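# Overview (structure and organization)
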Amino acid sequence: MCKNHEEFMREAINISTKNIDENGGPFGAVIVKDGKVIARGVNRVTSNNDPTAHAEVNAIREAASKLGTFDLKGCEIYSSCEPCPMCLGAIYWAHLDKLYFANTKQDARDIDFDDSFIYEELDLPFEKRKIPTKQILREEAIAAFHKWRDKADKIEY
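Scope of this entry: the structure provided in the associated data block. Worth saying up front: this structure is predicted, and the values here are computed from it rather than measured. (Residues numbered from 1 in each chain as written. Predicted model: local features only at pLDDT ≥ 70, side-chain atom pairs only at ≥ 80, totals over all residues. Heavy atoms only, no water.)

As a further point, take the overall build of the protein chain. Along the protein chain, the regular secondary structure elements total seven helices and four strands. Ordered by position from the N terminus, the helices and strands of the protein chain form the series α-β-β-α-α-β-α-β-α-α-α. Along the first, second and third principal axes, the C-alpha set of the protein chain runs to 55 × 40 × 30 Å. A burial count over the protein chain gives 31% of its 157 residues as buried. Here the contacts in the protein chain between residues at least 6 apart in sequence split such that 49% fall between residues at least 24 apart. (Helix = DSSP H or I, 4+ residues; strand = E, 2+ residues; numbered from the N terminus. Buried < 20%, exposed > 50% of the residue type's maximum accessible area, 1.4 Å probe, protein only. Contact = heavy atoms within 4.5 Å.)

As structure tokens, then:
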């Protein structure tokens, strides 16, 4: 493994450990472009009262802001733990080139950060999910999708 990969991962691990002392969760992430760390993120769910404030999402937000783009092609992310479904989705949406992680989702489950129920829910038809879900007004909402589809000057993402 490239020494830089290990250094970047150590930074993600170090900020995850430090975050515990700052009343955050044990998760850290760094985003690297051209061999340099351009963004860092730690878990701030409880300190920010924000269930989406995971390390990877916070790092993605910082990188996108610094680079002035929603497209993070050319960047790699190093996460102290295998990303949860939300963070993995964000990594794909951000178009990061590569993901490196240290702890596994089983390691997270062993300390009561268990996302397996979300993976299970995603496999179910929406009518059978734990959160009652009902589709309504599709006929009205589809107009916005048609408008987007037909817009000539849209910025694709």
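A grouping of Phe70, Trp93, Trp148, Ile155 and Tyr157 is seen on the molecular surface, where their side chains present a nonpolar patch of about 670 Å² in accessible area. Inspection of the secondary structure puts isoleucine 155 in the segment after α7 (138-150). Look at isoleucine 155 and you get exposed, because its relative accessible area is 60%. (Patch = residues over 30% accessible without salt bridge, like charges linked within 9 Å, V, L, I, M, F, W, Y side chains within 5 Å. Areas by Shrake-Rupley, 256 points an atom, 1.4 Å probe, with all protein chains shown as cover. Salt bridge = Lys/Arg side-chain N within 4 Å of Asp/Glu carboxyl O.)

This paragraph deals with the packing of helix α3 (residues 55-67) against helix α4 (residues 85-94). Running from amino to carboxyl end, α3 crosses α4 at an angle of 25 degrees, the nearest separation of the two axes being 8 Å. When the axes of α3 and α4 are compared, the pair comes out roughly parallel. Relative to α4, α3 is oriented so that their crossing is left-handed. Note on element contacts: α4 touches α3 through Met86, Cys87, Ala90, Ile91 and Ala94, opposite Glu56, Val57 and Ile60. The residue makeup of the contact of α3 with α4, split by class, is seven nonpolar, no polar and one charged. (Axes fitted to C-alpha atoms, helices over the stretch in contact; angles between N-to-C directions. Parallel < 35°, antiparallel > 145°, perpendicular 65-115°, else oblique. Left-handed = near helix turned anticlockwise from the far one by under 90°. Nonpolar A, V, L, I, M, F, W, Y, C, P; charged D, E, K, R; others polar.)

Moving on, we get to α4. By the burial criterion, the buried members of α4 are Pro85, Cys87, Ile91 and Ala94. Residues of α4 that are buried make contact with α3, β3 (75-81), β4 (98-103) and α6 (116-122). The first or second residue beyond α4 is histidine 95, which carries a positive phi of 65 degrees.

Right, let's get into the environment of isoleucine 15. Turning to its location among the elements, isoleucine 15 is positioned in helix α1 (residues 3-21). Here the alpha-carbon distance between isoleucine 15 and serine 80, two residues 65 residues apart in the chain, equals 8.9 Å. Setting aside its immediate chain neighbours within four residues, isoleucine 15 contacts Gly28, Ala29, Val30, Arg40, Gly41 and Val42.

Our focus in this paragraph is unusual backbone geometry. Of note in the backbone geometry, aspartate 112 takes a positive phi value of approximately 75 degrees without being a glycine. Inspection of the secondary structure puts aspartate 112 in the loop between α5 (105-110) and α6. A positive phi angle is found at leucine 137, which is not glycine, with a value near 55 degrees. Residue position: leucine 137 is located in the loop between α6 and α7. The exposure class assigned to leucine 137 is partly exposed, which follows from its relative accessible area of 49%.

Geometric values such as these leave the question of function open.
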